[in-house]
Amino acid sequence: MAAPEPVAGAAPALGDEAVALAVELVATDSVNPGLVPGAAGEREVVALLDHRLRARGFATHVVTPPGCPDRPSLLAVSAPVPGAPTVVLTGHLDTVGVAGVPDPFGARVDAGRLHGRGACDMKAGVAALVVAGEEVVRAHAGVRVVLALVSDEEDRSLGTEALLEALPRLGVRPDVALVGEPTWLARTVSLRGYALVEVTFAGRAAHSSQPEHGVDAVAHLGRLLTAVEARHREVATTGGSLLVTVAEGGDSPFVVARSARAVVERRTVPGERAEDALEEVEALLARLRHDDPEVDATARLLGAREAWRLDPDGAAATLADALDRALARAAPPGAPAPAPFAAPYWMEAPLWQAAGVPALVCGPAGGGLHAPDEWVDLEQVRRYTGAVVEAVRSLTEGADGAH
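Residues numbered from 1 in each chain as written. Predicted model: local features only at pLDDT ≥ 70, side-chain atom pairs only at ≥ 80, totals over all residues. Heavy atoms only, no water.

Draft legend 1. Local environment of the overall build of the protein. Counting secondary structure elements, the protein contains 9 helices and 17 strands. With respect to the principal axes defined by its C-alpha atoms, the protein has extents near 80 × 45 × 45 Å. With 403 residues in all, the protein has 52% of them scored as buried. Of the contacts made within the protein by residues no fewer than 6 positions apart, 80% connect residues no fewer than 24 positions apart. (Helix = DSSP H or I, 4+ residues; strand = E, 2+ residues; numbered from the N terminus. Buried < 20%, exposed > 50% of the residue type's maximum accessible area, 1.4 Å probe, protein only. Contact = heavy atoms within 4.5 Å.)

Below, the structure written as C-alpha cells:
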C-alpha cells in the first residue's frame, strides 16, 4: 500500500490553526507550582483543551497523580479503529517561572515568532500535536490517536507517570509515542540522563579563633568540590558530566562550621545507569575519608532519570523516518535537513520506552528556553503540524492488528 498523499492546501490551513492555538495556550498561565509555590498550575490549560477535544469527538480523561488533585493532565483518545495502530502524541503543559519575563502571557506575534513563556518549551509543540491529531481523526486515516497532554514535566514528571498508569485501565495499548519537545525539527537520537546526589557533612563547632578545637565541615565540602571537578574531567571524555550545583555550610561568622551540604549532579549517556551516580560519589567520599579520618559525610540519591537512545528499528524508527520525509517535503527549496540531535538534557521519552512504548522526540523550536526572551519559530510550527499528519497517516502501511 502506497503512503497517503498530502491533501493539497491542507497543511497551510492546519499550520495556521496550530499557530492560533499556540497563541491561546501561551496566553494561559500554567507555571509549575512545584517550581514556583503558589503558581497557577495546569488546571486552566487542561480545561481549555478538554473542552476543545471533546467537541471534536475525543473521549477525554482528566488524570491526576495520587495526592495531587490540583495537578491535572489530559488524556484524549479517539475511537478504536479495527486493525489500526495506536499512536500517542504527547507534550507537557506546564512551564517554568516567569521572573524577569516581560509580559510572559502576552503571546505576542512579531516577524514570524511567537513570544512568551512556554512558546518554545513547549506550547507550540502541543498546539501542533493537537491540531495534527484532530486532522488524522477527522480524515478517518485508519489510526487511533491518543493525545497525552501532561503536567509537571519541568519538575518530577508526575503527569506522565500518572497517565502511564491510567492507560491499561482505559484499555489503551499504544504502539508508538511521539514527544513534541523542541528539537528544531531534528530527529533526536539520544538524551542524557541524570542523577542528583545529596552529600551532608558533619563537623564540630568551635570558636573560629581556635579552629583546632573543631572540625570544619566547610573545609571538607571544599575538598569534595575539588574531587568532583577532577572526576568531571574523566567522565566528560565519554559525554557525561559531574558537577556540584548546590553548596552551603556554616551558621555564622566566628564559628567553625558544624555542617555543610552539597548536591552533586551527574549527567549520564546511554549505556550508563543513572543510579550508579550514588556509588560514584561514595567512591569520592571514601578517598576523602582515607586522607582525613575526621571527614564525616553521608550521601543519598535524591532522584534519577535514565539516558535514552532512539531505537534503530521498529515502530519509533519507522515513524521517525516518515516524519523526516514529511518535514523534508515541507521545507523551503534548497533548505538543508537538520542534523540528528543528541540532546544534552533529559526529556520524557525514556518513561514511555520503559513502559513498553517505543518513543521518538521531534518538535518545533526557536530560542530562549527557560530564559526571559522565549520564542518559537512559527514557520517550524506550521511545517511540523502538516508533517505529523502525513507521517502518522503513513503508519497504516504497517498496521497488523487491532489495538
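Draft legend 2. Here's a closer look at the packing of helix α7 (residues 315-330) against helix α9 (residues 378-394). Interaxial distance between α7 and α9 falls to 8 Å at its minimum, and their mutual angle equals 135 degrees. As judged from the angle between their axes, α7 and α9 are oblique. The element α7 and its partner α9 pack so that their crossing is right-handed. Of the residues in α9, those touching α7 at Leu 319, Ala 322, Leu 323, Ala 326, Leu 327, Arg 329 and Ala 330 are Arg 383, Tyr 384, Ala 387, Val 388, Glu 390, Ala 391, Val 392 and Ser 394. In terms of residue class, the contact of α7 with α9 is made up of 11 nonpolar, 1 polar and 3 charged. (Axes fitted to C-alpha atoms, helices over the stretch in contact; angles between N-to-C directions. Parallel < 35°, antiparallel > 145°, perpendicular 65-115°, else oblique. Left-handed = near helix turned anticlockwise from the far one by under 90°. Nonpolar A, V, L, I, M, F, W, Y, C, P; charged D, E, K, R; others polar.)

Draft legend 3. How the structure looks around the sheet that holds strand β15 (residues 359-361). The strand order across the open sheet formed by 6 strands is β1-β2-β6-β3-β7-β15, and the pairing between neighbours is mixed. Among the strands making up the open sheet, the edge pair consists of β1 (59-63) and β15. This sheet shows a mean twist of 20 degrees between the axes of neighbouring strands, independent of strand direction. Across 5 bridges, the pairing between β1 and strand β2 (residues 73-77) is antiparallel. Opposite Ala 59, over in β2, you have Val 77 as the bridge partner. Contacts from helix α2 (residues 43-55) reach β1, β2 and β6 (144-150), with the element oriented near 10 degrees to β2. (Pairing = 2+ DSSP bridges.)

Draft legend 4. Structural detail: the nonpolar core. Judged by nonpolar contacts, the single largest core of 90 residues is most densely connected at Leu 49, Leu 147, Leu 178 and Leu 323. Top element by residues in this core is helix α3 (residues 119-138). It accounts for 12 residues. Non-local contacts of Leu 178, meaning those with residues more than four positions away in its chain, are made with Val 88, Leu 89, Thr 90, Leu 129, Leu 319, Leu 323, Leu 360, Cys 362, Tyr 384 and Val 388. Counting residues in hydrophobic clusters, the runner-up holds 23 residues, among them Leu 242, Ala 262, Leu 284 and Ala 297. (Core = buried A, V, L, I, M, F, W, Y, C linked by side-chain atoms within 4.5 Å.)

Draft legend 5. Local environment of unusual backbone geometry. Omega for the bond connecting Asp 121 with Met 122 falls within 30 degrees of zero, at -10 degrees, which places this linkage in the cis form. For Met 122, the location among the structural elements is in helix α3. Positive phi, close to 65 degrees, is recorded for Leu 185, a residue that is not glycine. The residue Leu 185 is located in the loop between β7 (176-179) and β8 (188-191) in this model.

Draft legend 6. View of α2. Between its terminal C-alpha atoms α2 stretches 18 Å, which fits the 18 Å expected from 13 residues at 1.5 Å a residue. Among all positions in α2, only Val 45, Val 46, Leu 48, Leu 49, Asp 50, Arg 52 and Leu 53 are buried. Gly 57, located one to two residues past α2, shows a positive phi value of around 95 degrees. (Expected span 1.5 Å × (residues − 1).)

Draft legend 7. Layout of α7. Counted at 1.5 Å a residue, the expected span for α7 with its 16 residues is 22 Å, and the 23 Å between its end C-alpha atoms agrees. Buried within α7 are the following residues: Ala 316, Ala 317, Leu 319, Ala 320, Ala 322, Leu 323, Ala 326 and Leu 327. Check the buried side of α7 and you find it contacts β3 (86-92), β7, β15 and α9.

Draft legend 8. Seen up close, the pattern of salt bridges. Counted under the stated rule, the structure contains 27 salt bridges. One salt bridge connects Asp 155 with Arg 156, and the closest N-O pair in it is separated by 4.0 Å. Asp 155 sits in the partly exposed class, given a relative accessible area of 28%. A relative accessible area of 49% means that Arg 156 is categorised as partly exposed. Residue Glu 265 pairs with Arg 267 through a salt bridge whose shortest N-O separation is 2.9 Å. (Salt bridge = Lys/Arg side-chain N within 4 Å of Asp/Glu carboxyl O.)

Draft legend 9. How the structure looks around the pairing of strand β11 (residues 259-268). Counting buried positions along β11 gives 8 out of 10 residues, so the element sits mostly inside the fold. With 10 bridges joining them, strand β9 (residues 193-202) and β11 adopt antiparallel strand pairing. Paired with Tyr 194 across the bridge in β11 is Arg 267. The pairing of strand β10 (residues 241-249) with β11 spans 8 bridges and is classified as antiparallel. The residue of β11 that forms the bridge with Val 246 is Val 263.

Draft legend 10. Summary view of the sheet that holds β9. Pairing within the open sheet is antiparallel, and its 4 strands lie in the order β10-β11-β9-β12. Each having just a single partner strand, β10 and β12 (297-305) make up the two edges of the open sheet. The sheet shows a mean angle of 20 degrees between the axes of neighbouring strands, direction not considered. On top of the sheet, helix α6 (residues 276-291) reaches β9, β10, β11 and β12; it is set at about 160 degrees to β12, its chief contact.

Draft legend 11. The arrangement of the side chain of Arg 267 in detail. Locating Arg 267 in the fold gives a position in strand β11. Residues in contact with Arg 267, not counting those within four places in the same chain, are Arg 192, Gly 193, Tyr 194, Gly 240, Ser 241, Glu 272, Pro 344, Tyr 345 and Trp 346.

Draft legend 12. Highlighting the packing of aromatic side chains. Taken as a whole and judged by the stated rule, the model has 3 aromatic pairs. Pairing Trp 184 with Phe 341 gives two aromatic rings, centres 6.1 Å apart and planes at 75 degrees, and the pair type is edge-to-face. Pair noted here: Trp 184 is in the loop between β7 and β8 and Phe 341 is in strand β14 (residues 341-343), with a separation of 157 residues, a long-range link. Site record: aromatic cluster; members linked through ring pairs are Trp 184, Phe 341 and Tyr 345. (Phe/Tyr/Trp six-rings, centres within 6.5 Å; stacked < 30°, edge-to-face > 60°.)

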